[in-house]
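Examination of the molecular architecture
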Amino acid sequence: EAQVTQNPRYLITVTGKKLTVTCSQNMNHEYMSWYRQDPGLGLRQIYYSMNVEVTDKGDVPEGYKVSRKEKRNFPLILESPSPNQTSLYFCASSATSGGRTGELFFGEGSRLTVL
Amino acid sequence: GQNIDQPTEMTATEGAIVQINCTYQTSGFNGLFWYQQHAGEAPTFLSYNVLDGLEEKGRFSSFLSRSKGYSYLLLKELQMKDSASYLCAVNSNYQLIWGAGTKLIIKP
C-alpha cells in the first residue's frame, strides 16, 4: 500500500530535550516536505527536499533541522524544543514538485506537545 | 507578497449545494489544488486545475479562472461526512502556497 509513515504519532516532551520525528514514504517520490499546522494559521512549510541530499528552508524553519540521506526518509529534528513548537506536524511527499504530479500524499500527522 | 484567501467557515444543509471560494495573488502559477481535511486527520487530495474551466469529479467540481486569480470548489448533494476543512493551495514557482482553509459545517 502506498503510504507516508510518521512516528511518533503523539509525543509529550519537555523543553530542551532533543527529539526526532521520522518520516518514510514507499512511493519512490522525489519531493518531501514537513509542515506544521496550528489553529487559524493553516499549513506552514518548515523544510522541503527536492531530492536526496537537497534540502531547503520553508516558511518557518527556525528551531528545526532535516536531512535527506535516502530517498525514502526525511526525518525532522528538534534540537532543543520549546513550547512554541507545540503543534500538529505533517510529513508529505509527491512524485515531483510541480504540475499534476505535485499532488501531495500526507502522513497521518504527529501531535507534539512541549512542556 | 503571496496570498490566498478563503472564507474561514461556512454552514450548509445536508442534501444541498455549497460553493467554497478561493482567491489568490501569487508570483507564479503552476496549478491549483483542493484538499479535504477531516478534524485531526491528514489532508487528502480532491482536485487539480491548471487550465481555466470546470473539472468535475462525482459530487465535487472545481473551477479556475487564472485571469481573475479565482477558484471555487462546488460540493453537491451534501452528506454529513462532507463536514471537514477544505484547503486551497497554489503551486507558485514549484512551491505550494496554502490558504488557511474553510471549515464546512453540515447540518441535518
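In this text the structure is predicted, and so the values were computed from the model without any measurement. (Residues numbered from 1 in each chain as written. Chains lettered and ligands numbered in written order. Predicted model: local features only at pLDDT ≥ 70, side-chain atom pairs only at ≥ 80, totals over all residues. Heavy atoms only, no water.)

**Overview of unusual backbone geometry**
Residues and elements named next belong to chain A. Rules: Numbered from the N terminus, helices here are DSSP runs of H or I no shorter than four residues, and strands are runs of E no shorter than two.
The peptide bond linking Asn 7 to Pro 8 adopts the cis configuration, its omega dihedral lying at 0°. By secondary structure assignment, the location of Pro 8 is in the loop between β1 (4-7) and β2 (10-13). If you check the backbone angles, Asn 28 has positive phi at about 60° while not being a glycine. Take Asn 28: it is sitting in the loop between β3 (19-25) and β4 (31-38).

**Some points on the layout of surface pockets**
Operational definition: Here a cavity denotes a set of grid points, spaced 1 Å apart and computed over the protein atoms alone, in which a 1.4 Å probe fits but from which it cannot get out, and a pocket denotes an open set meeting protein on both sides within 12 Å along at least five of seven lines; residues with an atom within 4 Å of a point are reported as lining. Grid points are joined across faces, edges and corners, and a volume is the space filled by probe spheres set on the points. Gly is put with the polar residues, along with every residue not named as nonpolar or charged; the nonpolar set is Ala, Val, Leu, Ile, Met, Phe, Trp, Tyr, Cys and Pro, and the charged set is Asp, Glu, Lys and Arg.
The volume enclosed by the largest pocket comes to roughly 590 Å³. Lining of the largest pocket is provided by 26 residues; of these, Gln37(A), Pro39(A), Gly40(A), Gln37(B) and Ser85(B) occupy positions nearest its centre. At the level of elements, β4 and β9 (87-94) of chain A together with β9 (84-92) and β11 (102-107) of chain B are the ones that each hand at least two residues to the lining of the largest pocket. Tallying contributions element by element places β11(B) first for the lining of the largest pocket, with four residues. Of the residues in the lining of the largest pocket, the class split is nine nonpolar, 13 polar and four charged.

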